[in-house]
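# Observations on the three-dimensional arrangement
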Amino acid sequence: MGDKISDLIKTWQKRNICGIYCADIKEASAMILEMVSVSGSVGISGSQTLEQLGIVRMLEERGTKVFNPYEPGITREESLALRRKGAVEADYYLASANGVSETGELVFFSAFGNRIAGISYAPKVIIVCGINKIVPTLDEAIKRGREYATPLNCKRLNWNTPCFKDGVCHKDICLFPEYKRMCCQVLAIEAEPAPDRLKVIVVGEKLGF
Ligand code: SF4
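In what follows, the accompanying structure is described. (Residues numbered from 1 in each chain as written. Predicted model: local features only at pLDDT ≥ 70, side-chain atom pairs only at ≥ 80, totals over all residues. Heavy atoms only, no water.)

### Focus: the environment of Arg144
- Counting through the fold element by element, Arg144 comes out in helix α7 (residues 138–157).
- In the structure, Arg144 is positioned 37 residues away from Val107 in sequence and 9.3 Å away in space, judged by C-alpha atoms.
- Sequence-distant contacts of Arg144, that is, excluding residues within four places in its chain, are made with Asn98, Gly99, Asn132, Lys133, Val135, Ala149 and Phe209. (Helix = DSSP H or I, 4+ residues; strand = E, 2+ residues; numbered from the N terminus. Contact = heavy atoms within 4.5 Å.)

Quick look at the structure:
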């Protein structure tokens, strides 16, 4: 672990955010399996990072209930219901950040708001983030989420947005009904009032967008 991550973890301590360093995705997955009780329930947000870890399958295979809105073959209504349950009923919520500042803020963009609800209010939250998500300031973390991560997610998920076409954010024209805007809401966490609720696993690899 380098000085930058060590300093970030110390910065989080003063904000009641528990930072944990894992060298790679294998270590990060093992850490999550240890943190989540087998009999607990888990809500998730769409995340390339979580997919790379393969953590949903690992949790399900050992018998943990996952409210998975991305389960193949389910209807849109079923998916929306699982998003709602995951955000408001689950014991744990798993997500990745769009940007993390060296000054300690965590930034998340959302379309439907379920991930913002889950991250803000679930009893226990685990955020996984690769080292590529860390930038110097809050402004840069927001810029990263909007101008880098969201266009790539629009491309990945085939969303009709201006950034889908050219990879550049045009938020002034990204409005309904012409477009289906993806980044409708933004959450920046500066601190956490409840000790032990919010944990961030920093993985020493590049993960997700
Ligand atoms: S506001 Fe629209 S164009 Fe800009 S990043 Fe978000 S989805 Fe893309």
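### Notes on the pattern of salt bridges
- Within the structure shown, the criterion is met by eight salt bridges.
- Put simply, Lys85 and Glu89 hold a salt bridge, and the shortest N to O gap is 3.8 Å. (Salt bridge = Lys/Arg side-chain N within 4 Å of Asp/Glu carboxyl O.)

### Observations concerning the sheet that holds strand β10 (residues 198–203)
- Read from one edge of the open sheet, six strands run β1-β10-β7-β4-β2-β3, paired in parallel fashion. The sheet terminates laterally at β1 (17–22) and β3 (65–67), the two strands that pair on one side only. For this sheet the average axis-to-axis angle between neighbouring strands, irrespective of direction, equals 25°.
- In terms of strand pairing, β1 meets β10 through six bridges, oriented parallel. Bridge assignment links Ile20 to a residue of β10, and that residue is Ile201.
- Each of β1, β4 (92–96), β7 (124–130) and β10 touches helix α2 (residues 25–35); the most contacted strand, β10, lies at about 160° to it. (Pairing = 2+ DSSP bridges. Axes fitted to C-alpha atoms, helices over the stretch in contact; angles between N-to-C directions.)

### Some words on the packing of aromatic side chains
- Across all of its chains, the model carries one aromatic pair by this definition.
- When the ring of Phe112 is compared with that of Trp159, the centres are 6.3 Å apart and the planes differ by 65°; the resulting orientation is edge-to-face. Of the two residues, Phe112 is situated in the loop between β6 (106–110) and α6 (114–121) and Trp159 in the loop between α7 and α8 (162–166); the sequence distance between them amounts to 47 residues.
- Just above the ring of Phe164 sits the side chain of Lys155; from NZ or CZ to the centre is 4.6 Å.
- A cation over a ring is seen here: Lys180 above Trp159, with NZ or CZ 4.0 Å from the ring centre. (Phe/Tyr/Trp six-rings, centres within 6.5 Å; stacked < 30°, edge-to-face > 60°. Lys NZ or Arg CZ within 6 Å of the ring centre and 35° of its normal.)

### Concerning α7
- Across its 20 residues, α7 extends 26 Å between first and last C-alpha, which sits within 8% of the 28 Å expected from 1.5 Å per residue.
- The axis of α7 is deflected most strongly, by about 35°, at Ala149, and proline Pro151 appears within four residues downstream.
- Those residues of α7 lying buried are Ala141, Arg144, Gly145, Arg146, Ala149, Thr150, Pro151, Asn153 and Cys154.
- In this structure, the buried side of α7 is in contact with β5 (99–101), β6, β8 (134–135) and α8.
- Just beyond α7, the residue with positive phi is Asn158, at close to 60°. (Expected span 1.5 Å × (residues − 1). Bend = angle between axes of the 7 residues up to and from the residue. Buried < 20%, exposed > 50% of the residue type's maximum accessible area, 1.4 Å probe, protein only.)

### Considerations on the site of the ligand
- In the vicinity of the ligand, the contacting residues are Arg146, Thr150, Thr161, Pro162, Cys163, Cys169, His170, Lys171, Cys174, Arg181, Met182 and Cys183.
- Mapped onto the shell around the ligand, the elements with two or more residues apiece are α7 and α8.
- Of the residues in the shell around the ligand, the class split is six nonpolar, three polar and three charged. (Near = heavy atom within 4 Å. Nonpolar A, V, L, I, M, F, W, Y, C, P; charged D, E, K, R; others polar.)

### Focus: the pairing of β10
- The element β10 is largely enclosed, with a buried count of six among its six residues.
- The alternating pattern of β10 places Leu198, Val200 and Val202 on one face and Lys199, Ile201 and Val203 on the opposite face, and all of these are buried.
- Taken together, the six bridges between β7 and β10 define a ladder with parallel strand orientation. Residue Ile127 lies in a different strand from β10, and its bridge partner there is Val200.

### Quick word on the sheet that holds β6
- An order of β8-β5-β6-β9 is seen for the four strands of this open sheet, with the pairing classed as mixed. Edge positions in the sheet fall to β8 and β9 (185–189), since each has one partner strand and no second.

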